[in-house]
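Structural description and commentary
What follows is each chain in one-letter form.
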Amino acid sequence: MNALELSPEEFRRLADRITALAEQWLVTLDSRRIAPALTGADTEASFAEGLPEVGLKEAALDSLPLLLEGARAGNARFLGYVLGSGEPVGALGDFLASVLNQNITAWRSSPAAVSLERAVVRGLATAVGCPGFSGSLTGGGSAANLMGLAMAREAHAPANENGSPSGVVYASTEAHMSIAKAVALLGLGRRNLRLIPTDSQWRMRPDALEQAIAKDVAAGRRPLAVVATAGTVNTGAVDPLPALAELATRHGLWLHVDGAFGVPAAMALPELFTGLERADSLSMDAHKWLYQPVDCGVLLFRDAIAARRAFSFSGDYVRVMSSDSVEGFAFFDESIELSRRFRALKLWLSMRYHGLAAFREAIHRDLQNARRLAEAVEAEASLELLAPVSLSAVCFRYAGAVPEAERDAFNAGLLTRLNARGRVYLSNATISGRFALRACFVNHRTTPEDVRQVVEEVLAAAKDL
Ligand SMILES: Cc1ncc(COP(=O)(O)O)c(C=O)c1O
């Protein structure tokens, strides 16, 4: 027998062991210490052995429990960054996607999977209030933002032909780092990214945007695109989409919305996202607030022709031999990627299993948990809320009797202590130059009791110091 072949019995045995381990993870997840009792050197040593010349067979699985010991995320009180919880039906979909191993390049190579992804994308677009948009699944928000801005560049300042793109991109000072990265990667030059000031709620100021555009036009530069953020990574602020859309239309600019974090919440709070449907392109991460296993980003766009202008470079060797609009469809004509994993399967399975209403409800619970934490912070004299809570990110700090000048250093130390205690995990943000503790609720497992523990643990960590 071929050395890489598995008998059906062997496959089943391995799958059963891995399923048992996955079940053990899910059952014990919330009671695990979030901070692993492992140092950097410990984790490196765990994998120092390297790759064997002769296969270990089933013994290869024996070290998998190590991964459980060294994992942090997923727990209901892991509230750092913007980290989705990994919905298990989605995980099973991911497993099957790898076994089926379809390469989602074009309908001709993988008919059912391509149609399934197109259907999932259409369904998501409708669910967030952008019916008629199409698009594709990406590795994440950074990739989707890069693709949205590549479309903007090709629409207004094509580099395909002359190779020297130019144009100015506008985003708020709160924009995610992936926007600056995209501008740089697209060859537009970092100096052509304008970071527009925000209002007291951390939303881009349309008046300041208007002034910046006028200044660039007066200087002979070419405005290219506005990037609105719908859910900033620091505070969850949603830029004023109708005003920004109006400005973009008036000045003939591309409107890209970075909704990697916030846009799934349009399913629960549609009024906060009015104007989203006026975007030319938008990103949203299903691996954040739709709880899917990483990776699962989404790029949506209004006009597929604009995507083709940016991404279609098909030579004869990949030309699809069909005039049928479905059978002739190729994702590589509308995406950076050629080989693409079957990301849509987890999302499709998870959303069909639970239904849209269950996702809406989970998002509502996260929103409530964030408000609950903000209220608890405001009710506790030694804590201070540092930003209004518009979605599910809460920024606050310990003040107590600590003098103002020492609060940054105190809270940085508090965060290290809090995370080392291992019951709650928060990350940090800089809010008006101040060091903030940041909790972000994008986890379907988090309960009001977990929120209570956040406050309890922050106060306990402060006491430790
Ligand atoms: C607003 C925003 N945009 C983009 C990203 C990048 O997304 P990804 O990590 O999926 O590349 C993030 C990540 O947190 C984000 O919060």
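Refer to the structure above for everything that follows.
Attention in this report is confined to the structure presented alongside it. In this text, all values refer to a predicted model and were calculated from it rather than measured experimentally.

Rules of the game
- Residues numbered from 1 in each chain as written.
- Predicted model: local features only at pLDDT ≥ 70, side-chain atom pairs only at ≥ 80, totals over all residues.
- Heavy atoms only, no water.
- Helix = DSSP H or I, 4+ residues; strand = E, 2+ residues; numbered from the N terminus.
- Near = heavy atom within 4 Å.
- Polar contact = N/O pair within 3.5 Å; in protein donor to acceptor, adjacent residues only side chain to side chain.
- Areas by Shrake-Rupley, 256 points an atom, 1.4 Å probe, with all protein chains shown as cover.
- Buried < 20%, exposed > 50% of the residue type's maximum accessible area, 1.4 Å probe, protein only.
- 1 Å grid on protein atoms, 1.4 Å probe; cavity = no way out; pocket = protein on both sides within 12 Å on 5 of 7 lines; lining within 4 Å.
- Points joined across faces, edges and corners; volume = space filled by probe spheres on them.
- Nonpolar A, V, L, I, M, F, W, Y, C, P; charged D, E, K, R; others polar.
- Contact = heavy atoms within 4.5 Å.
- Domains from an automatic or database assignment.
- Phe/Tyr/Trp six-rings, centres within 6.5 Å; stacked < 30°, edge-to-face > 60°.
- Lys NZ or Arg CZ within 6 Å of the ring centre and 35° of its normal.
- Axes fitted to C-alpha atoms, helices over the stretch in contact; angles between N-to-C directions.
- Parallel < 35°, antiparallel > 145°, perpendicular 65-115°, else oblique.

1. Focus on the environment of Ala113
- Mapped onto the secondary structure, Ala113 falls in helix H5 (residues 111-127).
- Through-space distance from the C-alpha of Ala113 to that of Arg343 is 9.5 Å; in sequence the pair is 230 residues apart.

2. A look at the site of the ligand
- Neighbouring residues of the ligand: 15 residues in total, closest Gly141, Ser142, Asp258, Asp285 and Lys288.
- Here an oxygen atom of the ligand sits 2.6 Å away from a polar atom, N or O, in the side chain of Asp285.
- Between the ligand and His287 there is a distance of 3.0 Å, counted from an oxygen atom to a side-chain nitrogen or oxygen.
- Contact with the protein chains hides 84% of the accessible area of the ligand, taken as 390 Å² for the molecule alone.
- Among the elements of the structure, helix H6 (141-156) and helix H10 (286-289) are those that each provide at least two residues to the shell around the ligand.

3. Some thoughts on unusual backbone geometry
- In this model, Val294 is joined to Asp295 through a cis peptide bond whose omega is 0°.
- Tracing the backbone through its elements, the reader meets Asp295 in the loop between H10 and strand E7 (297-301).
- Here the phi dihedral of Lys57 falls at roughly 55°; this positive angle occurs in a residue that is not glycine.
- With respect to the element layout, Lys57 can be found in the loop between helix H2 (40-46) and helix H3 (65-69).
- A positive phi angle, near 65°, is found at Tyr291, a position not held by glycine.
- On the secondary structure map, Tyr291 appears in the loop between H10 and E7.
- For Tyr291, a relative accessible area of 2% translates into the label buried.

4. What to know about empty space enclosed by the protein
- Counted by the stated rule, this structure contains one cavity of 30 Å³ or more.
- In this structure, the largest cavity occupies an estimated 40 Å³ of space.
- Around the largest cavity, the lining residues are Trp25, Leu29, Arg32, Arg33, Ile34, Ala71, Arg72, Ala73 and Asn75.
- Broken down by class, the residue content of the lining of the largest cavity amounts to five nonpolar, one polar and three charged.

5. Notes on the environment of Ala248
- Inspection of the secondary structure assignment puts Ala248 in helix H9 (residues 241-251).
- A C-alpha to C-alpha distance of 9.4 Å links Ala248 and Ala279, two positions 31 residues apart in sequence.
- What Ala248 contacts, discounting residues up to four positions off in sequence, is Val226, Leu253 and Leu255.

6. What about the layout of surface pockets?
- Volume-wise, the largest pocket comes out at about 1000 Å³.
- Lining the largest pocket are 31 residues, and of these Ile18, Ala22, Trp25, Leu26 and Ala91 sit closest to its centre.
- Looking at the lining of the largest pocket, the elements with two or more residues in it are helix H1 (8-28), H3 and helix H4 (88-100).
- Of the residues forming the lining of the largest pocket, the biggest block, ten residues, is contributed by H1.
- Its residues placed into classes, the lining of the largest pocket shows 22 nonpolar, seven polar and two charged.
- Residue contributions to the lining of the largest pocket reach at least three from each of two domains, namely domain 1 (14-45 + 57-86 + 355-465) and domain 2 (103-354).
- Put simply, the second largest pocket is a space of about 310 Å³.
- As for the second largest pocket, its lining consists of 13 residues, and the residues nearest its centre are Ser46, Glu49, Gly50, Leu56 and Ser63.
- When grouped by side-chain class, the residues that make up the lining of the second largest pocket number nine nonpolar, three polar and one charged.

7. Considerations on the packing of aromatic side chains
- One pass over the full model with this rule turns up seven aromatic pairs.
- Chaining the aromatic ring pairs together yields one cluster made of Phe78, Tyr81 and Tyr425.
- The side chain of Arg340 reaches across the aromatic face of Phe331, ending 4.3 Å from its centre.

8. Section: the packing of helix H12 (residues 344-354) against helix H13 (residues 356-379)
- Two elements in contact, H12 and H13, have axes separated by 6 Å at closest approach and are oriented at 90°. Considered as vectors, H12 and H13 are oriented roughly perpendicular to each other. Side by side, H12 and H13 meet where Ser350, Met351 and His354 of the first sit next to Leu356, Ala358 and Phe359 of the second.
- Residues of the contact of H12 with H13, tallied by class, amount to four nonpolar, two polar and no charged.

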